[in-house]
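Chain residues, written in single-letter form:
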Amino acid sequence: MPNVKKMIDKIRAFVDKVLDKMHLLKYKELILYIIVGGGTTVVDWIVFAVLTLFVPETGGWIQTISPNIISYSAAWLCAVIFAYVFSRLFVFENTDGRIVPQFARFFASRFATLVLSIMGDILLCGDHALFPIGNVWIAKVIISVAIVIINYITSKLLVFNKKPQDR
């Protein structure tokens, strides 16, 4: 693991140097959050697209309510793991030894976004949709925007917050 730590430290130093040259170092956390969030979104969308396009619906009762529940759930899980690792290492640079409780808070805060995704799917795409838009991809965009905003707030306030003794 020492080589991994050295590599991470080198990446952090490089990012700091680039942002300093661009006079953006004070916005580092936000810039890196946007980059990691973009990567997280790519992971989410790729898994969602593969499952939506290539895995047949089972036709179960739950899929009449939320037709994309399996795709949303699997995509969410992959995105949460990706987001946690990169947020911990690069955005919030929080690498103390408290991985399990921190990941539990991260997972719990992101679980709310899974529920939001499924509720959005129900409201926009299900057979009984209140606001049927008829296009799973437009619904996914709408849901994704809301989730990015909520994820930043919960990550900042609940998961990677620095307590006075951490500063």
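Above this note sits the structure.
Enquirer: If you had to explain the packing of aromatic side chains to someone new, which residues and values would you point to?
Expert: In this structure the tally under the stated criterion is 10 aromatic pairs. On the numbers, 4.7 Å between centres and 55 degrees between planes, the contact of Phe-48 with Tyr-72 is tilted. Here Tyr-72 lies in helix α4 (residues 69–91) and Phe-48 lies in helix α2 (residues 28–54), a separation of 24 residues in the sequence. Here Tyr-72 falls in the buried class, since its relative accessible area comes to 2%. Sitting over the face of the ring of Phe-48, Lys-140 holds its NZ or CZ atom 4.7 Å from the ring centroid.

Enquirer: Tell me about the nonpolar core, and name the residues and values.
Expert: Core analysis: the largest hydrophobic core is formed by 17 residues, its most contacted members being Val-91, Phe-106 and Phe-160. Going through the elements one at a time, α1 (2–21), α2, α4 and α5 (99–124) are the ones with two or more residues in this core. With six residues, the top contributor of residues to this core is α4. Contact partners of Val-91, with chain neighbours within four places excluded, come to Glu-29, Leu-32, Tyr-33, Val-36 and Phe-86. Membership of the second largest hydrophobic core comes to 10 residues, among which are Leu-124, Val-136, Ala-139 and Ile-147.

Enquirer: Before we move on, can you summarise the pattern of salt bridges with the specific residues and values?
Expert: Note on pairing: side chains with opposite charge can pair once their charged atoms come close. By the definition in use, this model includes four salt bridges. Lys-5 is the partner of Asp-9 in a salt bridge, and the nearest nitrogen-oxygen pair spans 3.3 Å. You can see Asp-9 and its partner Lys-5 sitting in helix α1, four residues apart, about one turn around the helix. Owing to a relative accessible area of 33%, Asp-9 belongs among the partly exposed residues under this scheme. Its salt-bridge partner being Asp-16, residue Lys-28 comes within 2.4 Å of it at the nearest N-O pair. Here Lys-28 is found in helix α2, whereas its partner Asp-16 is found in helix α1, with 12 residues between them in sequence.

Enquirer: Give a detailed account of helix α6 (residues 136–159), specifying residues and quantitative values.
Expert: Those residues of α6 not exposed but buried are Val-136, Ala-139, Lys-140, Ile-143, Ser-144, Ile-147, Asn-151, Thr-154, Ser-155 and Val-159. Buried residues in α6 make contact with α2, α4 and α5.

Enquirer: Can you break down a nonpolar patch on the surface residue by residue, with the values?
Expert: On the surface, Leu-77, Ile-81, Val-85, Phe-86, Phe-107, Phe-111, Val-115 and Met-119 cluster together into a nonpolar patch covering about 640 Å² of accessible area. With respect to the element layout, Leu-77 can be found in helix α4. The class of Leu-77 is partly exposed, set by a relative accessible area of 40%.

Enquirer: Give a detailed account of α2, specifying residues and quantitative values.
Expert: In an α-helix, one full turn covers 3.6 residues, which means residues spaced three or four apart are oriented alike. In a regular helix each residue adds 1.5 Å, so 27 residues correspond to 39 Å; α2 covers 38 Å between its end C-alpha atoms and thus fits that length. All of the buried residues along α2 are Lys-28, Leu-32, Tyr-33, Val-36, Gly-37, Thr-40, Asp-44, Val-47, Phe-48 and Ala-49.

Enquirer: So, the side chain of Ser-87: which residues are in play, and what are the values?
Expert: Assignment of secondary structure puts Ser-87 in helix α4. Take Ser-87: its relative accessible area is 1%, and that puts it in the buried class.

Rules behind the numbers
- Residues numbered from 1 in each chain as written.
- Predicted model: local features only at pLDDT ≥ 70, side-chain atom pairs only at ≥ 80, totals over all residues.
- Heavy atoms only, no water.
- Phe/Tyr/Trp six-rings, centres within 6.5 Å; stacked < 30°, edge-to-face > 60°.
- Helix = DSSP H or I, 4+ residues; strand = E, 2+ residues; numbered from the N terminus.
- Buried < 20%, exposed > 50% of the residue type's maximum accessible area, 1.4 Å probe, protein only.
- Lys NZ or Arg CZ within 6 Å of the ring centre and 35° of its normal.
- Core = buried A, V, L, I, M, F, W, Y, C linked by side-chain atoms within 4.5 Å.
- Contact = heavy atoms within 4.5 Å.
- Salt bridge = Lys/Arg side-chain N within 4 Å of Asp/Glu carboxyl O.
- Patch = residues over 30% accessible without salt bridge, like charges linked within 9 Å, V, L, I, M, F, W, Y side chains within 5 Å.
- Areas by Shrake-Rupley, 256 points an atom, 1.4 Å probe, with all protein chains shown as cover.
- Expected span 1.5 Å × (residues − 1).

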